[in-house]
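Chain residues, written in single-letter form:
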Amino acid sequence: MSSSVPRQRGSIIGSVRSSSEVGNSSHRPAKTMRGQVPERIRAMNASLKLLLIVREPVTRAISDYTQLRSHAATASSSSMVNSPQRSFEQLAIRPDGSVNLAYRPLAISLYHTFLLRWLEVFQRPQILIVNGDLLIEDPVPQLHRIEKFLGLEPRIGRHNFYFNHTKGFFCLRNETADKCLRESKGRRHPRVDPTVITKLRRFFGEHNQRFYDLVGEDMGWPEE
Ligand SMILES: Nc1ncnc2c1ncn2[C@@H]1O[C@H](COP(=O)(O)OS(=O)(=O)O)[C@@H](OP(=O)(O)O)[C@H]1O
């Protein structure tokens, strides 16, 4: 699933459950959440299990903005173009004060709109919703849920991780090496005007509720 479009944050990960053929791929939601992708995946394997990793939607949008800005900075420095970067606030809120859903990092945080398409094609029990914020905070319990969901023998434990204070995230540890995710994972987010955060959280409130209704679980995302 390669593409030249800038990567948009968030994940739907499919794991093929046939014993002879095990696959695992992380997809760009910009591509996987639209069009005929769910049908094509079901045609490939109808008993597939999917992991949907979701983060608090406003934080996810800021994460996306941070990633796109970082790519734009790299592109403009290599082509010597000097374009001023617009702030998250400018992109997320229109001059009339309304939320700019034409800004893709915000539109992608409307999880229920995308999940609906997947639920037309897959049964709800085939999808595990993983709370990405909890995954960052304490990965082991989330990984235990994932092991169980996938029917895997439980093997992951606390001994597989350590908290790297320099990176500010948990990193992997095994007998031979310690390994953190690469620099593009866990970037420092810019400061965003708290009034904009509040406006966006209020806006997402009803959309988050629709997502909770679809998955049958309240993620507890702030509404202020
Ligand atoms: N252990 C650990 N180390 C580093 N980063 C971690 C970790 N666990 C989760 N994360 C969060 O993963 C976010 C990036 O993952 P994505 O799936 O959104 O990335 S991508 O779509 O593949 O680009 C990334 O988002 P940002 O913090 O905005 O960079 C991280 O917060």
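Calculation notes
- Numbering of residues starts from 1 in each chain and follows the order in which that chain's sequence is written.
- Where local features are concerned, this predicted model is filtered to residues with pLDDT of at least 70; where side-chain atom pairs are given and counted, the filter is 80 or more; whole-chain, interface and lining totals use all residues.
- Hydrogen atoms and water are omitted, and side-chain values are computed over all heavy atoms in the structure.
- Numbering of helices and strands runs from the N terminus, with a helix taken as a DSSP run of H or I at least four residues long and a strand as a DSSP run of E at least two residues long.
- Three labels apply to residues, based on accessible area from a 1.4 Å probe with only protein chains included: buried if under 20% of the type maximum, exposed if over 50%, partly exposed otherwise in between.
- Note on terminology: disulfide denotes any pair of cysteine sulfur atoms within 2.5 Å.
- In these notes, a set of buried Ala, Val, Leu, Ile, Met, Phe, Trp, Tyr and Cys residues joined through side-chain atoms within 4.5 Å is what counts as a nonpolar core.
- UniProt positions are given in the numbering used here, feature names are shortened, and annotations may be inferred rather than shown by experiment.
- The contact criterion used is simple: two residues touch if any of their non-hydrogen atoms lie within 4.5 Å.
- Only C-alpha atoms enter the line fits that serve as axes; for helices the fit covers just the stretch in contact. Angles between N-to-C directions range over 0 to 180 degrees.
- Working definition: roughly parallel below 35 degrees, roughly antiparallel above 145 degrees, roughly perpendicular at 65 to 115 degrees, and oblique for all remaining angles.
- Take the far helix as your reference; a near helix turned counterclockwise from it by less than a right angle gives a left-handed crossing, and one turned clockwise gives a right-handed crossing.
- Here, any two strands with at least 2 DSSP bridges between them count as paired.

### Notes on the environment of Ala92
Looking at the secondary structure, you find Ala92 in helix H4 (residues 88-92). We classify Ala92 as buried; its relative accessible area is 0%. As a C-alpha pair, Ala92 and Pro105 span 13 residues in sequence and 8.6 Å in three-dimensional space.

### Some words on the state of the cysteines
Scanning all chains against the criterion turns up one disulfide. Two residues, Cys171 and Cys180, share a disulfide whose sulfurs are 2.1 Å apart. Its S-S torsion of about 95° marks the bond between Cys171 and Cys180 as right-handed, since a negative value means left-handed. Owing to a relative accessible area of 23%, Cys180 belongs among the partly exposed residues under this scheme.

### Some thoughts on the nonpolar core
If you look at the biggest cluster of nonpolar residues, it comprises 18 residues, and the most contacted ones within it are Val54, Trp118, Phe122, Ile127, Ile129 and Phe211. Looking at this core, the elements with two or more residues in it are helix H2 (37-44), strand S3 (49-54), helix H6 (111-119), strand S4 (127-131) and helix H9 (194-215). Counting residues in hydrophobic clusters, the runner-up holds 17 residues, among them Ala92, Ile93, Leu200 and Phe204.

### A few points about the UniProt feature "binding site: 3'-phosphoadenylyl sulfate" (unreviewed entry) in the protein
Sequence positions flagged by UniProt for "binding site: 3'-phosphoadenylyl sulfate" (unreviewed entry) are, in local numbering, Arg55, Ser63, Lys185, Gly186, Arg187, Arg188 and His189. Locating Gly186 in the fold gives a position in the loop between strand S7 (178-179) and H9. Residue classification places Gly186 among the partly exposed residues on the basis of a relative accessible area of 35%. With respect to the helices and strands, the residue Arg187 is situated in the loop between S7 and H9. Beyond its immediate chain neighbours, meaning those up to four positions away, Arg187 contacts Arg9, Thr66, Gln67, Ser70 and His71.

### Structural notes on the packing of H6 against H9
Relative orientation of the contacting elements H6 and H9 amounts to 25°, with a least axis distance of 8 Å. Overall, the two elements H6 and H9 adopt an arrangement that is roughly parallel. With respect to the hand of their crossing, H6 and H9 are arranged in left-handed fashion. On H9, the residues that touch Tyr111, His112, Leu115, Leu116 and Leu119 of H6 are His207, Arg210, Phe211, Leu214 and Val215.

### So, the sheet that holds S7
On the basis of which strands lie adjacent, the open sheet formed by three strands has the order S5-S6-S7 and antiparallel pairing. Of all the strands in the sheet, just strand S5 (161-164) and S7 have a single pairing partner and so form its edges. In the sheet, strand S6 (residues 169-173) pairs with S7 via two bridges, with the strands oriented antiparallel. Across the sheet, residue Arg173 finds its bridge partner in S7, namely Asp178.

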